[in-house]
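Topology and contacts: notes
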Amino acid sequence: MRILLVASAFNSLTQRVHGELRELRHTVEVHLAGEDEALREALRRFAPDLVVAPMLRTALPQDVWSSVTCLIVHPGPPGDRGPSSLDWAVHEGATEWGVTVLQADAVMDGGPVWASAHCPLPPVAKSDLYRGEVSDAAVEAVLRAVERFASGTYTPRRQGGPDWRAVGRTRPYLRQEVRRIDWERDGTDAVVRVLRAADSRPGVLDELLGAEWYLHGGHPERRLRGRPGELVATRAGAVCRATADGAVWIPELRRRRSPGGPATFKLPAVTALGGVLPPLPEVPAPLMAAPLMAASKVAAEEDPDWSDIRYVEDGQVGLVRFAFPGGAMSTEHCRRLLAAYRFALTRPTSVLVLGGGRDFFSNGIHLNVIEGAADPAAESWANINAIDDLVEAVLTTTDRLVVAAVGGNAAAGGAMLALAADEVWCRQGSVLNPHYRLMGLYGSEYWTYTLPRRVGAATALRLTGQALPVGAPAALRLGLVDRVLPCAPEEFGPQTARLARLSAASPTVHGRIAAKKAAREADERVRPLASYRAEELAVMRRQFFDPDAPYHALRAAFVRKLPAPAATD
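What you see is a predicted model; the values in this text were computed from it and never measured.

This paragraph deals with the overall build of the protein chain. What the protein chain contains, in helices and strands, is 20 helices and 25 strands. For the protein chain, the C-alpha radius of gyration of 24 Å lies close to 25 Å, the compact-globule estimate for 569 residues. Principal-axis analysis of the C-alpha atoms places the extent of the protein chain at approximately 70 × 60 × 50 Å. Here the protein chain holds 569 residues, and 56% of them are scored as buried. Within the protein chain, residue pairs in contact and separated by at least 24 positions form 68% of the contacts whose partners lie at least 6 positions apart. Surface accessibility of the protein chain: about 24,000 Å² in total, with carbon and sulfur atoms responsible for 54%. Separation between the mean location of the 66 positive side-chain charges and that of the 65 negative ones in the protein chain comes to 2 Å.

This is the structure:
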């Protein structure tokens, strides 16, 4: 069929639905919602059999949904209605949820239901759930709805009809006054739940050090204490704030926009507070789990010490876990991760797993930190060199096998970081964006060495030029990844640990290590790694330091969530 995807943004779910439908040989085109007349023109030009809206913030015009079947993906179970469905679920501590695919009509979220799917809601942040369990359920429901529509025989269930059993509930937009935290009375668990329900957007509006800020993200702290509401420590760029019975780590802050002022954007909390942050103790991030425990048993919920980087060891397997907000890696993130990686290389293991978390692997350099820097060009240069140092360390590891475990999405330099490993394992729901073009950049991270080596020169040029997302099945066929794990997000870490143990126990492991060492030495004789880096960075330097380069306008629009000017080559 010809399917038009209409979305308010080409976000992770839209990208995944795009890939899944293409896997089924449908002809798919994407239209970003905006002006109604532009949508009408897209319908006339593309003439779709079906319209699917994976993520839509505004209603479709009546003349559109009355002329072609339009299926809306609602992130809530049948009967749930309203614009803050998943927010409410996390805010109220729901453990089970669902996704409904319904037909657009005059009643918002009230049209006939074509399909639905249920999903668990483990205690993690809303955006993590959206890219994980909710995304899995959405794809299941969309594919079932598309199949039913294609059959021409299925009649969708009318909400409120004789066979309708779901309890209807329409809830309003979850406003800041409902999200408000009472630091004097609210305990750590309640505060973390509120923060998780607003982690990526819109954040939780609060007052801090005499100014209004949106708090983004939250992790429980079970040991530190202080007067409720006060800041008590810092760690890895996050601030620790006391609750009524403990404390929480808050990784990011966004200043409230002043009336008529420019749009603001998220920054690491310590960076955002800058000179107004009082002297606080820097609590070292625990790097190594002590005592060492089986990697399959390690979970964030069991760990009393939050850290964005952690090393875990299980026999001959070492695991360098990391999780940065939004997958963005600042200069400081890259340097700390490199230090953890070098620490892992001192351990007596034969297989080293990089990643393995359930959400983003990496999206490359940290555009928000760069935008907020006094000299964005200089910070861009420092950031790209820091991530290049990390990739170089992975590429030159010849005494053990290195696996990149991509549990969530990876893009730009983050995708290229994964390709530096000997093997790439990803979850079935992962989406890769191995390109830089949409930010007006050539890219580095040794991609001119690693990408053609995996997929061939022609495919490498196509991937970086077309700038389209690649789903896990397509990535496996292309050679971007070596293994796809069909598992739930919560199961990805334990499964990668188990598979790594099997690899380490294999009688062929030492032969494989010797072969990779010989191959690296042979490649170095043909062309040194340093020459790839120098060639890439020569282009990047021009793009960073030319004030008229498209990168600067694209970056500024991206971090402020504004419409982007067209990227140029």
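Further notes follow.
Here the focus is the pattern of salt bridges. Pairs can form between side chains of opposite charge once their charged atoms are near each other. All told, the structure shown has 40 salt bridges when counted by the stated rule. When the shortest N-O distance is used, the salt bridge between Glu41 and Arg44 registers 3.1 Å. Taken together, the positions of Glu41 and Arg44, both in helix H2 (residues 36–46) and 3 residues apart, correspond to about one turn of that helix. Its relative accessible area of 39% is what places Glu41 among the partly exposed residues. Each member of the salt-bridge network shares a partner with another, and the members are Glu37, Arg40, Glu41, Arg44 and Asp63.

Pairing is mixed across the open sheet formed by 3 strands, whose spatial order is S21-S23-S24. A single partner strand is all that each edge strand has here, and the edge strands are strand S21 (410–411) and strand S24 (470–471). Pairing between strand S23 (residues 431–433) and S24: 2 bridges, direction antiparallel. Bridging from a neighbouring strand, Leu432 pairs with Val470 of S24.

Within the secondary structure, Gly111 is located in the loop between strand S6 (96–103) and strand S7 (113–120). You can call Gly111 buried: its relative accessible area is 1%. When the C-alpha atoms of Gly111 and Gln159 are compared, they prove to be 6.7 Å apart, with 48 residues separating the residues in sequence. With near-sequence residues (within four places) excluded, Gly111 lies in contact with Leu102, Gln103, Asp105 and Gln159.

The next point concerns the sheet that holds strand S15 (residues 252–255). With antiparallel pairing, 4 strands are arranged side by side in an open sheet as S9-S10-S15-S16. The outermost strands of the open sheet, each flanked by one partner alone, are strand S9 (204–208) and strand S16 (267–268). Pairing of S9 with strand S10 (residues 211–216) involves 5 bridges; the strand directions are antiparallel. Along S10, the bridge assignment pairs Asp206 with Trp213.

With 20 residues, helix H12 (residues 376–395) extends 28 Å between its outermost C-alpha atoms, agreeing within 8% with the 28 Å of an ideal straight helix rising 1.5 Å per residue. Judged by how many residues are buried, H12 sits mostly within the fold: 14 of 20 residues are covered.

On to the environment of Val167. Tracing the backbone through its elements, the reader meets Val167 in the loop between helix H6 (133–151) and strand S8 (169–170). When its relative accessible area of 72% is taken as the criterion, Val167 is described as exposed. Measuring from C-alpha to C-alpha, the distance between Val167 and Val320 comes to 45 Å, with 153 residues separating the pair along the chain. Excluding its chain neighbours within four sequence positions, the residues that come into contact with Val167 are Pro78 and Gly79.

Relative orientation of the contacting elements helix H14 (residues 447–455) and helix H15 (residues 457–466) amounts to 120°, with a least axis distance of 7 Å. The handedness of the crossing between H14 and H15 is right-handed. Listed contacts from H15 to Trp447, Leu451, Pro452 and Val455 of H14 are Ala457, Thr459, Ala460, Leu463 and Thr464. Broken down by class, the residue content of the contact of H14 with H15 amounts to 7 nonpolar, 2 polar and no charged.

The next subject is the nonpolar core. Leu253, Leu451 and Leu480 are the most contacted members of the largest nonpolar core, which has 89 residues in total. The dominant element in this core, judged by the number of residues it contributes, is H12, at 8 residues. The residues touching Leu480, leaving out its near neighbours within four places in the chain, are Leu419, Val424, Leu432, Pro434, Leu451, Arg454, Val455, Leu463, Val470 and Ala475. By size, the runner-up hydrophobic cluster in this structure holds 34 residues, among which are Ala115, Cys119, Leu129 and Tyr130.

Counted according to the given criterion, the structure contains 10 aromatic pairs. When the centroid spacing of 5.8 Å and the interplanar angle of 35° are considered together, the rings of Trp249 and Trp306 count as tilted. Residue Trp249 is found in strand S14 (residues 247–250), and its partner Trp306 is found in the loop between helix H9 (269–273) and strand S17 (309–314); the two are separated by 57 residues along the sequence. Both residues of the pair, Trp249 and Trp306, belong to the buried class. Through a chain of ring-to-ring contacts, three or more aromatic side chains come together here, namely Trp114, Phe149 and Tyr154. Taking NZ or CZ as reference, Arg555 lies 4.8 Å from the ring centre of Tyr551, over its face.

Right, let's get into the side chain of Arg241. Summarising the element assignment, Arg241 is placed in strand S13 (residues 238–242). In terms of polar contacts, Arg241 uses its side chain to reach the side chain of Asp206, at 2.6 Å. A polar contact of 3.1 Å, which involves the side chain of Arg241, links it to the backbone oxygen of Glu207. Beyond its immediate stretch of four places on either side in the chain, Arg241 contacts Trp183, Asp206, Glu207, Leu208, Leu215, Gly229, Glu230, Leu231, Ala247, Val248 and Ile250.

What follows deals with helix H19 (residues 529–545). When the terminal C-alpha atoms of H19 are compared, their 24 Å separation across 17 residues agrees well with the 24 Å that a helix rising 1.5 Å per residue should span. Of all the positions in H19, only Leu529, Tyr532, Arg533, Glu536, Leu537, Met540, Gln543 and Phe544 are classed as buried. In this structure, the buried side of H19 is in contact with H12, H14, helix H18 (509–526) and helix H20 (550–559).

Calculation rules
Residues numbered from 1 in each chain as written. Predicted model: local features only at pLDDT ≥ 70, side-chain atom pairs only at ≥ 80, totals over all residues. Heavy atoms only, no water. Helix = DSSP H or I, 4+ residues; strand = E, 2+ residues; numbered from the N terminus. Rg over C-alpha atoms; globule rule 2.2 N^0.38 Å. Buried < 20%, exposed > 50% of the residue type's maximum accessible area, 1.4 Å probe, protein only. Contact = heavy atoms within 4.5 Å. Areas by Shrake-Rupley, 256 points an atom, 1.4 Å probe, with all protein chains shown as cover. Lys, Arg positive; Asp, Glu negative; His and termini not counted. Charge placed at Lys NZ, Arg CZ, Asp CG, Glu CD. Salt bridge = Lys/Arg side-chain N within 4 Å of Asp/Glu carboxyl O. Pairing = 2+ DSSP bridges. Expected span 1.5 Å × (residues − 1). Axes fitted to C-alpha atoms, helices over the stretch in contact; angles between N-to-C directions. Left-handed = near helix turned anticlockwise from the far one by under 90°. Nonpolar A, V, L, I, M, F, W, Y, C, P; charged D, E, K, R; others polar. Core = buried A, V, L, I, M, F, W, Y, C linked by side-chain atoms within 4.5 Å. Phe/Tyr/Trp six-rings, centres within 6.5 Å; stacked < 30°, edge-to-face > 60°. Lys NZ or Arg CZ within 6 Å of the ring centre and 35° of its normal. Polar contact = N/O pair within 3.5 Å; in protein donor to acceptor, adjacent residues only side chain to side chain.

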